[in-house]
Amino acid sequence: QVQLVESGGGLVQAGGSLRLSCAASGRTFSMYAMGWFRQAPGKEREFVATTITWRDGPTYYADSVKGRFAISRDNAKNTVYLQMNSLKPEDTAVYYCAAKVSYGNRWSDQYEYAYWGQGTQVTVSS
């Protein structure tokens, strides 16, 4: 199996930046993609971004974060990052790292991801 541990969450002012990290361990070779989802209080979990774990793999973003967030990888460390810029209060949520082991391009479907981290809280104040 794959274990995922998120870090880097915290409190930041609107317009600020934050970088989340997700360290993967275990059978990391089985991962086809690694992505980020978030869940705000009282709302459903939503897709944020994902990246194919192959070298120079493509990235995909939710419309709500395009131009502001960037997902990246450090393959040597089995770590994926989410650089969040121009943060807004509506970005406040628990952010989850997830690993997809199945093939296909349904990147935004949370049920396509088999492994999940415990989440890290991101709070953006106004």
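Look above for the structure.
For clarity, every value in this text was computed on a predicted model and none was experimentally measured. (Residues numbered from 1 in each chain as written. Predicted model: local features only at pLDDT ≥ 70, side-chain atom pairs only at ≥ 80, totals over all residues. Heavy atoms only, no water.)

### A closer look at the overall build of the chain
Within the chain, the secondary structure is distributed over zero helices and eleven strands. When the elements of the chain are put in sequence order from the N terminus, they spell out β-β-β-β-β-β-β-β-β-β-β. Its C-alpha radius of gyration of 13 Å places the chain within 12% of the 14 Å reference for a compact globule of 126 residues. Oriented by its inertia axes, the alpha-carbon framework of the chain measures out at about 40 × 25 × 25 Å. Across the 126 residues that make up the chain, the buried fraction comes to 44%. Of all intrachain contacts in the chain linking residues separated by at least 6 positions in sequence, the fraction that spans at least 24 positions is 56%. Accessible surface for the chain amounts to roughly 6,700 Å². Of this, 46% is attributable to carbon and sulfur atoms. (Helix = DSSP H or I, 4+ residues; strand = E, 2+ residues; numbered from the N terminus. Rg over C-alpha atoms; globule rule 2.2 N^0.38 Å. Buried < 20%, exposed > 50% of the residue type's maximum accessible area, 1.4 Å probe, protein only. Contact = heavy atoms within 4.5 Å. Areas by Shrake-Rupley, 256 points an atom, 1.4 Å probe, with all protein chains shown as cover.)

### As for the sheet that holds strand S8 (residues 79-84)
Strand order in this open sheet of four strands is S1-S3-S8-S7, and the pairing throughout is antiparallel. Unpaired on one side and paired on the other, strand S1 (2-7) and strand S7 (69-74) mark the two borders of the sheet. The average angle at which neighbouring strand axes cross in this sheet is 20°, direction not considered. Pairing analysis gives six bridges linking S1 to strand S3 (residues 18-26), with the strands arranged antiparallel. Within S3, the position partnered with Val 5 by the bridge is Ala 23. (Pairing = 2+ DSSP bridges. Axes fitted to C-alpha atoms, helices over the stretch in contact; angles between N-to-C directions.)

### Considering the environment of Lys 100
Mapped onto the elements, Lys 100 comes out in strand S9 (residues 93-100). Judged by its relative accessible area of 0%, Lys 100 is buried. Considering only alpha carbons, one finds Lys 100 and Ala 70, 30 residues apart in sequence, at a separation of 18 Å. Excluding residues that lie within four positions of it along the chain, Lys 100 makes contacts with Ser 30, Met 31, Tyr 32, Ala 33, Arg 106, Trp 107, Glu 112 and Tyr 113.

### Digging into the state of the cysteines
One pass over the structure, following the stated rule, counts one disulfide. Each sulfur in the disulfide pair Cys 22 and Cys 97 lies 2.0 Å from the other. In this structure, the disulfide formed by Cys 22 and Cys 97 twists by about -80° around the S-S bond and is classed as left-handed. Residue Cys 22 is found in strand S3, and its partner Cys 97 is found in strand S9; the two are separated by 75 residues along the sequence. The two residues Cys 22 and Cys 97 agree in class, both being buried. (Disulfide = S-S within 2.5 Å.)

### What about the pattern of salt bridges?
Two side chains that carry opposite charge are able to pair once their charged atoms sit near each other. This model, assessed by the stated rule, comprises six salt bridges. Residues Arg 38 and Asp 91 are paired through a salt bridge, measuring 2.9 Å at the closest nitrogen-oxygen approach. Note that Arg 38 is positioned in strand S4 (residues 33-39) and Asp 91 in the loop between S8 and S9, a separation of 53 residues in sequence. Like Asp 91, Arg 38 is buried. Sharing partners across several salt bridges, the network here consists of Arg 38, Glu 46, Arg 68 and Asp 91. (Salt bridge = Lys/Arg side-chain N within 4 Å of Asp/Glu carboxyl O.)

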